[in-house]
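Residue-level structural notes
These are the residues of each chain, in order.
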Amino acid sequence: MEEEVLDKAVFMYLKKKGFTQTEQIFQQEQQSKNKNSSSSINATDVSLSDPDLAKQILTFSQSESIPALYHDGYSKLRSWTYSSLDLYKHELLRVLYPVFIHCFMDLIAKGHLQEARTFFNSFREDHEMMHSRDLTKLEGVLSPSHLEEMEFAHSLRQSKVNIKICQYSYELLLQYLHKTQSITMLGIINEHINFQVSPGQPSSISDDAEAFSLVGSGQDAANLINQKEIHWGLLEDSLEERLDKAGGLLSDSEKTEGDAKEGDLDENKKKSTEGGKQGGPLKKLKKDKVAGAAGKGARGEGEKASAAPRVKPELTLPTIPTDVEHSILEDLRNRVQLSNSTLPSVSFYTFINTHNGLNCSSISHDGSLVAGGFSDSSLKVWDMAKLGRMGSSMLQGENDSAPNENTLGSNGGKRSYTLYQGHSGPVYSASFSPLGDFLLSSSSDSTIRLWSTKFNANIVCYKGHNYPVWDVQFSPFGHYFASASHDRTVRIWSMDRIQPLRILAGHLSDVDCVQWHMNCNYIATGSSDKTVRLWDVQSGECIRIFIGHRSMILSLAMSPDGRYMASGDEDGTIMMWDVSNGRCVTPLVGHTSCVWSLAFSCEGSLLASGSADSTVKLWDVNTSAKMPKSEETRSGNTNRLRSLKTLPTKSTPVYALRFSRRNLLFAAGALSTNV
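Let us look at the structure shown here. Note that this is a predicted model, so its numbers are computed, not measured.

Here is what the cut-offs are and how they apply
- Residues numbered from 1 in each chain as written.
- Predicted model: local features only at pLDDT ≥ 70, side-chain atom pairs only at ≥ 80, totals over all residues.
- Heavy atoms only, no water.
- Helix = DSSP H or I, 4+ residues; strand = E, 2+ residues; numbered from the N terminus.
- Contact = heavy atoms within 4.5 Å.
- Areas by Shrake-Rupley, 256 points an atom, 1.4 Å probe, with all protein chains shown as cover.
- Core = buried A, V, L, I, M, F, W, Y, C linked by side-chain atoms within 4.5 Å.
- Buried < 20%, exposed > 50% of the residue type's maximum accessible area, 1.4 Å probe, protein only.
- Phe/Tyr/Trp six-rings, centres within 6.5 Å; stacked < 30°, edge-to-face > 60°.
- Lys NZ or Arg CZ within 6 Å of the ring centre and 35° of its normal.
- Pairing = 2+ DSSP bridges.
- Axes fitted to C-alpha atoms, helices over the stretch in contact; angles between N-to-C directions.
- Parallel < 35°, antiparallel > 145°, perpendicular 65-115°, else oblique.
- Nonpolar A, V, L, I, M, F, W, Y, C, P; charged D, E, K, R; others polar.
- Salt bridge = Lys/Arg side-chain N within 4 Å of Asp/Glu carboxyl O.
- Polar contact = N/O pair within 3.5 Å; in protein donor to acceptor, adjacent residues only side chain to side chain.

Some remarks on the overall build of the protein
Helix and strand content of the protein: 23 helices and 33 strands. Pairs at least 24 apart in sequence give 57% of the contacts found in the protein among residues at least 6 apart. Total accessible area on the protein is roughly 32000 Å²; 51% of this is exposed by carbon and sulfur atoms.

Encoded structure:
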């Protein structure tokens, strides 16, 4: 009887897997075995002499038809993991989530819908904290057809999960699986998990953010793409480079310009220059720091710029007017040099009375203009100089009707903002040009509009996307801009053409944010598929895929030298990436909610992050980026997340951040009663 059950189990397995030739040969053997009794005796002897093999075949056969094996197998694995030694527990716990979701999807695929739902509800609480959004998506899988139709579930079943684990933890797991004969769990782990085994002791718990990644596009494909050549340096003959070359003349010209009102300016400049050359003491008077920023800042920027390689532009960049160039150079001369001991001053613009209608905010490069995009399809711009003269201390967001004049309120008096109307849906993004003379806005009506801040009028309406446009960003030199949409594409435009110059396609879900590289040759995009991609503007080719986030990416920022990129996600995690090789330098963990905005200081030493948790955090980029992980492990310092300062607001989620050219940090957000 046992032999017949074994034969039937083997036959069913071969038929299911499509091994037609083997199935025919096995069937012929069965027929000849029935005719030849001696052959039957030999087969019986074989099965009896190897009871483990017989048991495994029977167990596999039962696992194909008995859903309880999934429940029991996972339950035992879970109990064993939670009872493991604390030294290895946090690494072994990483295995539970992929096993859980694949047990659930296997049960669905086999048609055991009720048992799958029971299994899902029994263990989902274990993973609610880290993977709540994934679980919400999987909760909608109600039939085998959903596994193919839902892109998220389909990508999970087609690819493997990468898990970093030490040698000891890996051997403990294998020993448990073989000892308990957990064939079902072993099959899932073998098919869907790729272990990256490292020698030595387990990694620290703080490394968990980067030790687990659900790969939608395939890690092998990403590694292949990340080997492509990239020129991440700054443009040749940039303003910073000119300032660096003219460094010897700057101090003389600054003396004759008479920008400072204090009589002892020359003395302070000499002190600061000497301090910059000789590496003077850190503790100085506030006056010395501010007055010495010109000489010190020029040298610091020059040293940073000279370290970065020079590249040629792939786009035809617009020429900068002479008067504007002089203004920018003046700002660069007077830039305050920031560091972990010299933090920036912050100017925060608070929107009030928005009634939850504010979707986005943007600040011009000099902080003189602030724009807000609203759910009622309006775009409003505040001029800080005019606002100061009106004596208003906050940004009024209430919707005053104005049929004829942009600056007249409903009561006939002047209001504090300029109203731009033209979109037919909520405005989701706004971006000022580098000179502040133009403003871009994107909307759910799938269009992008270009506005003139000089004439307060809509100039162009760009149509190309088929779905809502989530983000739009001007290039660092203006004229060109990029848009990101629900249609999973990014489009590159120029102001003088109504059709896009490039369409960048490759993301598996919505493209939520876009950011230009400092040399304008590359564009970074963040998506709901939890990846960040870097694209070559000239060829339209994806040249980097950054994998590591666990939720949708909401914000991006490029370092001034073009070497590093920061990305913030929906869970509050920020990751610092090395653009040259596509690897994560360090995760920055501290925010408790969505990171909506990121900004590097002008010399690249600090990173500012704004979040829905109503805080602005300042991070030490130099410490985080320069210390290799191997050194940290040897020194015992596992906390690479160097947060310099947290600046809390009363109850204002931070929508936008911007460092001015002089390194003043501007921030904007809407006062919320729900925080």
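Details of the nonpolar core
Val 99, Phe 104 and Leu 138 are the most contacted members of the largest nonpolar core, which has 39 residues in total. No other element matches the 13 residues that helix 6 (residues 86-109) contributes to this core. Beyond its immediate chain neighbours, meaning those up to four positions away, Leu 138 contacts Ile 101, Phe 104, Met 105, Phe 120, Phe 152, Ala 153 and Leu 156.

Notes on the side chain of Ser 433
Relative to the helices and strands, Ser 433 is located in the loop between strand 12 (427-432) and strand 13 (438-443). Excluding its chain neighbours within four sequence positions, the residues that come into contact with Ser 433 are His 365, Phe 438 and Phe 474.

Comments concerning the packing of aromatic side chains
For the coordinates displayed, the defined rule picks out 21 aromatic pairs. Each ring, one from Tyr 74 and one from Phe 100, has its centre 5.9 Å from the other, and the planes form 50°; the classification is tilted. Taken as a pair, Tyr 74 in helix 5 (residues 68-82) and Phe 100 in helix 6 lie far apart in primary sequence, 26 residues in all. Across the pair, Phe 100 and Tyr 74 agree in class, each one buried. By the ring-pair criterion, three or more aromatic residues cluster together here, those being Tyr 74, Phe 100, Phe 104, Phe 119, Phe 120 and Phe 123. Directly above the ring of Phe 120 sits Arg 117, whose terminal nitrogen or CZ lies 5.7 Å from the centroid.

Points about the sheet that holds strand 22 (residues 531-536)
As summarised here, the arrangement of the four strands in space is 20-21-22-23, forming an open sheet in which the pairing is antiparallel. Of all strands in the sheet, those bounded by a partner on one side alone are strand 20 (511-516) and strand 23 (542-547). With strand direction ignored, the average angle separating the axes of adjacent strands in the sheet is 20°. Pairing between strand 21 (residues 522-527) and strand 22: five bridges, direction antiparallel. Paired with Ala 524 across the strands is Leu 534, a residue of strand 22.

Some words on the packing of helix 5 against helix 12 (residues 183-192)
Between helix 5 and helix 12, the shortest axis-to-axis distance is 8 Å and the interhelical angle comes to 80°. It follows from the interaxial angle that helix 5 and helix 12 lie roughly perpendicular. Here Leu 69, Tyr 70, Gly 73, Tyr 74 and Leu 77 of helix 5 come into contact with helix 12, specifically with Thr 184, Met 185 and Ile 188. Its residues assigned to classes, the contact of helix 5 with helix 12 comprises six nonpolar, two polar and no charged.

Things to note about the pattern of salt bridges
This model, assessed by the stated rule, comprises ten salt bridges. Note that Arg 124 is salt-bridged to Glu 139, the shortest N-O span being 3.0 Å. In this pair, Arg 124 sits in the loop between helix 7 (113-123) and helix 8 (128-138) while Glu 139 sits in the loop between helix 8 and helix 9 (144-149), placing the two residues 15 residues apart along the sequence. Across the salt bridge formed by Arg 662 and Asp 331, the nearest N and O atoms sit 2.8 Å from each other.

Concerning the pairing of strand 18 (residues 489-494)
A regular strand places its side chains so that they alternate between the two faces of the sheet. Counting buried positions along strand 18 gives six out of six residues, so the element sits mostly inside the fold. Of the two faces of strand 18, the one lined by Thr 489, Arg 491 and Trp 493 and the one lined by Val 490, Ile 492 and Ser 494 are each fully buried. The antiparallel pairing of strand 17 (residues 480-485) with strand 18 creates a hairpin that spans three residues between the two strands, and Arg 488 there sits at a positive phi of about 75°. Where strand 18 lies against strand 19 (residues 502-505), four bridges are found, and the strand directions are antiparallel. Note on strand 19: the bridge partner recorded for Arg 491 is Ile 503.

Brief notes about the side chain of Glu 330
Note that Glu 330 resides in helix 20 (residues 322-333). With a relative accessible area of 16%, Glu 330 lands in the buried category. Polar contacts involving the side chain of Glu 330 include one to the side chain of Asn 334, which spans 2.7 Å.

A short note on the environment of Ser 362
Here Ser 362 lies in strand 7 (residues 358-363). Taking the C-alpha atoms as reference points, Ser 362 and Ala 668, 306 residues apart in sequence, are found 7.8 Å from one another.

Some words on the pairing of strand 12
Burial analysis of strand 12 places five of its six residues in the buried class, which makes it a mostly covered element. Here strand 12 pairs with strand 13 via five bridges, running antiparallel. Within the sheet, the bridge partner assigned to Val 427 lies in strand 13 and is Ser 443. Once strand 12 ends, the chain turns through five residues before running back antiparallel as strand 13, passing Gly 436 with a positive phi of about 80°.

Considerations on unusual backbone geometry
In this structure, Ser 377 takes a positive phi of about 75° despite not being glycine. As for its position among the elements, Ser 377 is in the loop between strand 8 (369-374) and strand 9 (378-383). Positioned with a positive phi, Cys 520 is a non-glycine residue whose angle comes to about 65°. Relative to the elements of secondary structure, Cys 520 occurs in the loop between strand 20 and strand 21. For Cys 520, a relative accessible area of 1% puts it in the buried group.

A look at the sheet that holds strand 11 (residues 418-421)
With respect to topology, four strands assemble into an open sheet ordered 7-8-9-11, the strand pairing being antiparallel. The sheet is open, and its two edges are formed by strand 7 and strand 11, each paired on a single side. Each strand axis lies, on average, 20° off the axis of its neighbour in the sheet, ignoring direction. Pairing of strand 7 with strand 8, which is carried by five bridges, proceeds in the antiparallel orientation. If you follow Ser 362 over to strand 8, its bridge partner there is Ala 371.

Considerations on the environment of Ser 611
Mapped onto the fold, Ser 611 is located in strand 29 (residues 606-611). The class for Ser 611 is buried, based on a relative accessible area of 0%. In this structure the C-alpha to C-alpha distance between Ser 611 and Gly 572, which are 39 residues apart in sequence, comes to 7.4 Å. Residues in contact with Ser 611, not counting those within four places in the same chain, are His 591, Ser 593, Cys 594, Val 595, Trp 596, Pro 653 and Val 654.

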